[in-house]
Amino acid sequence: MENRLNELNGSQWLYWTNSIYETFFPPDRTHFLRKKHGAIKPPQLMAEIISFFTKSGELILDPFAGVGGTLLGAELAGRRALGIELNPEWVEIYQKIAAGYREFKGELIPAVEAGENARRFASKMICGDCLAILKGFAPQTFAAIITDPPYGCKHGSTGFKRETNFNMNSEDERDFGNCEDYDAFLVKIEAFGREAYRLLMPDRYLVLLVGDRYYHGEYLPLGYLVAETLRKTGFKWKGTRIWWNKATQRRLKPYAINTCFIPNITHQNILIMRKE
Ligand SMILES: C[S@@+](CC[C@H](N)C(=O)[O-])C[C@H]1O[C@@H](n2cnc3c(N)ncnc32)[C@H](O)[C@@H]1O
C-alpha cells in the first residue's frame with residue numbers, strides 16, 4: 001500500500017508508534033552557539049519527528065522557532081522549514097549557524113569542513129509575532145507544523161517571577177511565555193490553534209513538545225490542557241509520546257524528601273494533533 005505520510009518502511013513506522021520515546025542525543029556541533037537560549041531541542045530529535053510526519057522536500061512551519069532546533073532538524077532530514085521567532089537575538093544565532101554550517105552525511109558541520117559543494121540551508125527564519133505573521137499565509141501552505149512553544153508564564157512554577165535566560169522578552173505582551181497565568185496562556189494557544197488549522201494541509205499534523213509543570217504545590221498537566229484546547233480549534237488528538245533525552249539528563253533535585261512527594265519532571269509530551 002502506498003505510504004501517504006512519510007518515507008519509512010513498515011517496521012520503522014511501527015517502532016515510532018511506541019508511546020515511550022527515549023533518545024540519546026549528545027550535544028551536536030552547533031550546541032555551543034544555541035545553548036544561550038535556555039530551552040533548546042536537539043536537531044536530531046526534530047529530524048526524527050519531521051521524518052515521520054513529512055516526505056522529502058515538504059515545507060514545515062515552526063512558529064516558535066527559538067534558535068532553530070526544528071529548522072536544523074529539517075536540514076538533517078532533507079526537508080525545508082520556515083521559522084518565526086519573536087526575539088531578534090535568537091534569530092541572529094540561527095542566521096549565524098545557517099551561514100557557517102552545512103548538513104553533511106547526517107550531521108551539521110562547519111562549512112569549511114564540508115567543502116564548497118555542500119548545499120546551503122534551505123530553511124529560513126523570520127522575526128516577529130507568529131500570531132500576526134501567520135495571518136498573512138494562504139490556507140494549506142504547510143505539510144506539517146512542528147513546534148515547541150513556551151510553556152511557562154510570568155510567574156513560573158513557584159508563584160514568583162521567573163528569572164530565566166530564555167524569557168528575555170519579559171515585557172513583551174506578545175510572548176506566549178509572558179502570560180499572567182496558564183488560563184491566559186491557553187487563550188493564546190487557542191488563537192494559535194485556529195491559525196495552525198487553517199494553514200495545514202488536510203490530514204496532516206500539528207506536533208507540539210509541551211512539558212508538564214509543578215505549579216502552586218500541584219501537578220499541572222499542561223500537555224493535556226494544551227491538547228484539549230487545540231481540540232476546540234478542530235484538531236483531533238491522535239496521541240502523545242513521552243520523550244526524554246538520556247544524554248542530557250540533569251541530576252534529580254531532592255524536593256521535600258521525607259515530607260511529601262514532588263516529582264522531578266524529566267519527560268516532555270510530544271502531542272500529535274491531526275487536521276481531519
Ligand atoms: C521553547 S522556545 C523554542 C526553542 C526551539 N525549539 C529551539 O530549539 O531553539 C519558544 C520560543 O518561542 C518564542 N516566542 C514566544 N512567543 C512568540 C510569538 N508570539 N511569536 C513568535 N515567537 C514567540 C520565544 O521567544 C522562544 O524563543
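Quick note: structure is the one above.
The rules behind each value
- Residues numbered from 1 in each chain as written.
- Predicted model: local features only at pLDDT ≥ 70, side-chain atom pairs only at ≥ 80, totals over all residues.
- Heavy atoms only, no water.
- Phe/Tyr/Trp six-rings, centres within 6.5 Å; stacked < 30°, edge-to-face > 60°.
- Helix = DSSP H or I, 4+ residues; strand = E, 2+ residues; numbered from the N terminus.
- Buried < 20%, exposed > 50% of the residue type's maximum accessible area, 1.4 Å probe, protein only.
- Lys NZ or Arg CZ within 6 Å of the ring centre and 35° of its normal.
- Near = heavy atom within 4 Å.
- Polar contact = N/O pair within 3.5 Å; in protein donor to acceptor, adjacent residues only side chain to side chain.
- Areas by Shrake-Rupley, 256 points an atom, 1.4 Å probe, with all protein chains shown as cover.
- Axes fitted to C-alpha atoms, helices over the stretch in contact; angles between N-to-C directions.
- Left-handed = near helix turned anticlockwise from the far one by under 90°.
- Contact = heavy atoms within 4.5 Å.
- Nonpolar A, V, L, I, M, F, W, Y, C, P; charged D, E, K, R; others polar.
- Salt bridge = Lys/Arg side-chain N within 4 Å of Asp/Glu carboxyl O.

What follows concerns the packing of aromatic side chains. Per the stated rule, a full pass over the model turns up 13 aromatic pairs. Ring geometry for Phe-52 and Phe-53: centres 5.0 Å apart, planes at 70°, overall edge-to-face. Considering the side-chain rings of Tyr-182 and Tyr-215, the 4.8 Å spacing of their centres and the 85° angle between planes classify their relative orientation as edge-to-face. Separated by 33 residues along the polypeptide, Tyr-182 in helix 8 (residues 182-199) and Tyr-215 in strand 9 (residues 213-215) bring together distant segments of the chain. In this structure, Tyr-182 and Tyr-215 share a single accessibility class: buried. Following the ring pairs from residue to residue traces out a cluster consisting of Trp-13, Trp-16, Tyr-21, Phe-52, Phe-53 and Tyr-205. Positioned over the ring face of Trp-16 is Arg-241, at 4.4 Å from the centre of the ring. Lying over the aromatic face of Tyr-21, Arg-241 brings its terminal NZ or CZ to 4.0 Å of the ring centre.

What follows covers the site of the ligand. What surrounds the ligand is a group of 24 residues, the closest being His-37, Val-67, Glu-85, Asp-129 and Asp-148. The separation between a nitrogen atom of the ligand and a polar side-chain atom of Asp-129 is 2.9 Å. Between the ligand and Asp-148 there is a distance of 2.9 Å, counted from a nitrogen atom to a side-chain nitrogen or oxygen. Taking 610 Å² as the accessible area of the ligand by itself, protein coverage stands at 98%.

On to the packing of helix 3 (residues 43-53) against helix 4 (residues 69-77). Here helix 3 crosses helix 4 at 65°, and the two axes come no closer than 7 Å. As for the relative orientation of helix 3 and helix 4, their crossing is right-handed in sense. Judged by residue contacts, Pro-43, Gln-44, Met-46, Ala-47, Ile-50 and Ser-51 of helix 3 engage Gly-69, Thr-70, Leu-72, Gly-73, Ala-74, Leu-76 and Ala-77 from helix 4. Classifying every residue of the contact of helix 3 with helix 4 by side-chain character gives eight nonpolar, five polar and no charged.

With that settled, consider the pattern of salt bridges. All told, the structure shown has 16 salt bridges when counted by the stated rule. The partner of Glu-89 in a salt bridge is Lys-36, and the shortest N-O contact between them spans 2.5 Å. Here Glu-89, found in helix 5 (residues 88-100), pairs with Lys-36, found in the loop between helix 2 (31-34) and helix 3; they are 53 residues apart in sequence, far enough to count as distant. Notably, a salt bridge pairs Glu-58 with Arg-204, separated by 2.8 Å at the nearest N-O pair. One end of the pair, Glu-58, is in the loop between helix 3 and strand 2 (59-62); the other, Arg-204, is in strand 8 (residues 200-210), and 146 residues separate them in sequence. Arg-204 gets classed as buried once you look at its relative accessible area, which sits at 9%. Beyond isolated ion pairs, a larger network of salt bridges with shared partners links Asp-203, Lys-238, Arg-274 and Glu-276.

This paragraph deals with the side chain of Ser-123. Its location among the elements puts Ser-123 in the loop between helix 6 (111-114) and strand 6 (124-127). Among the polar contacts listed, one links the side chain of Ser-123 to the side chain of Glu-75, at a separation of 2.7 Å. In this view, Ser-123 contacts Leu-71, Ala-74, Glu-75, Arg-79, Arg-80, Ala-81 and Tyr-94; residues no more than four positions away in its chain are not counted.

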